[in-house]
Amino acid sequence: MTISDADLQKGYENNFGPRAEVLACVCSSQRAAEDVFREARGAGEQKFGELAAKYSVEQISRSNFGKIPAIRRHSGNPTLEEAAFALEPGKVSGILVWGDQYAVLYKQGETKPVVQDFEAVRGELTNEIRTKKLYVAMRKYMNDLLANSNIENFIEAKVSGSQVVPASATGGNGSVIVPR
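This section reports on the structure supplied with the text. (Residues numbered from 1 in each chain as written. Predicted model: local features only at pLDDT ≥ 70, side-chain atom pairs only at ≥ 80, totals over all residues. Heavy atoms only, no water.)

### A look at the packing of helix 1 (residues 5–16) against helix 6 (residues 118–147)
Phase 1 of the analysis: In the contact formed by helix 1 and helix 6, the axes pass within 9 Å of each other and the chain directions differ by 105°. Judged on the interaxial angle alone, helix 6 and helix 1 are roughly perpendicular. Touching Asp-5, Asp-7, Leu-8, Gly-11, Tyr-12, Asn-15 and Phe-16 of helix 1 are Phe-118, Val-121, Arg-122, Glu-124, Leu-125, Thr-126, Glu-128, Ile-129 and Lys-133, all from helix 6.
Phase 2 of the analysis: The residue makeup of the contact of helix 1 with helix 6, split by class, is seven nonpolar, three polar and six charged. (Axes fitted to C-alpha atoms, helices over the stretch in contact; angles between N-to-C directions. Helix = DSSP H or I, 4+ residues; strand = E, 2+ residues; numbered from the N terminus. Parallel < 35°, antiparallel > 145°, perpendicular 65-115°, else oblique. Contact = heavy atoms within 4.5 Å. Nonpolar A, V, L, I, M, F, W, Y, C, P; charged D, E, K, R; others polar.)

Quick look at the structure:
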């Protein structure tokens, strides 16, 4: 299992890099998002917060006048990340769509990274990435093993899997798992 420089860089940006501080208004319909966008253009931070409190269907942003936890890079939602980091402070994003939700963002700014020295955290990042890759490989191996096996349960007279094992191959003493 190899850990590339790109893996380390993404890990550093995710854990220690700057984060985008934004206000968000998450809507369940495009029409509501368009209304928020129309009213938010040219409006300030306070007005955007009021719009989020009024229109947002997401509980955190609604109750905090649009304030959500800071967005970090490589955290799993590339649409949101790209828009949040591309905005200039004080600007409103376009309507962002993912799944069945629509959102409009207002950028407040970016945080300053606490850790500036990549080499100081390189060992910690390497261990974390190695562990995550190991868990992914183990999960894949177990899924492959289960997908390519046949389970014959003599007690309940059930056979699962796609390969049929003759009874003579089991020795007649209970369940057996046979890899293909």
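### So, the pattern of salt bridges
A side chain with one charge may pair with a side chain of the opposite charge, provided their charged atoms come close.
Phase 1 of the analysis: What the rule picks out here adds up to eight salt bridges.
Phase 2 of the analysis: A salt bridge links Lys-132 to Glu-128; its shortest N-O distance comes to 3.0 Å. Of the two residues, Lys-132 and Glu-128 both sit in helix 6, four residues apart, roughly one turn of that helix.
Phase 3 of the analysis: Judged by its relative accessible area of 27%, Glu-128 falls in the partly exposed class.
Phase 4 of the analysis: Members of the salt-bridge network, linked through shared partners, are Asp-5, Glu-119 and Arg-122. (Salt bridge = Lys/Arg side-chain N within 4 Å of Asp/Glu carboxyl O. Buried < 20%, exposed > 50% of the residue type's maximum accessible area, 1.4 Å probe, protein only.)

### Some words on a nonpolar patch on the surface
Phase 1 of the analysis: Together, Met-1, Leu-134, Tyr-135 and Met-138 give the surface a local cluster of nonpolar side chains, amounting to about 430 Å² of exposed area.
Phase 2 of the analysis: Mapped onto the elements of the fold, Met-1 is located in the segment before helix 1. (Patch = residues over 30% accessible without salt bridge, like charges linked within 9 Å, V, L, I, M, F, W, Y side chains within 5 Å. Areas by Shrake-Rupley, 256 points an atom, 1.4 Å probe, with all protein chains shown as cover.)

### Concerning the nonpolar core
Phase 1 of the analysis: Formed by 15 residues in total, the largest nonpolar core has its most connected members in Cys-25, Cys-27, Val-36, Phe-48 and Tyr-55.
Phase 2 of the analysis: One finds Ile-71, Leu-80, Leu-87 and Leu-96 within the second-largest nonpolar core, a separate group that totals twelve residues. (Core = buried A, V, L, I, M, F, W, Y, C linked by side-chain atoms within 4.5 Å.)

### Concerning the sheet that holds strand 3 (residues 101–110)
Phase 1 of the analysis: The sheet built from three strands is open, its strands ordered 1-3-2 with antiparallel pairing. Since the sheet does not close on itself, it has two edges, and those belong to strand 1 (20–27) and strand 2 (96–98), each with one partner. Sheet twist, expressed as the average angle between the axes of neighbouring strands with direction ignored, equals 35°.
Phase 2 of the analysis: On the sheet, helix 2 (residues 30–40) packs against strand 1 and strand 3 and is oriented at approximately 30° with respect to strand 3.
Phase 3 of the analysis: Each of strand 1 and strand 3 touches helix 3 (residues 45–55); the most contacted strand, strand 1, lies at about 40° to it. (Pairing = 2+ DSSP bridges.)

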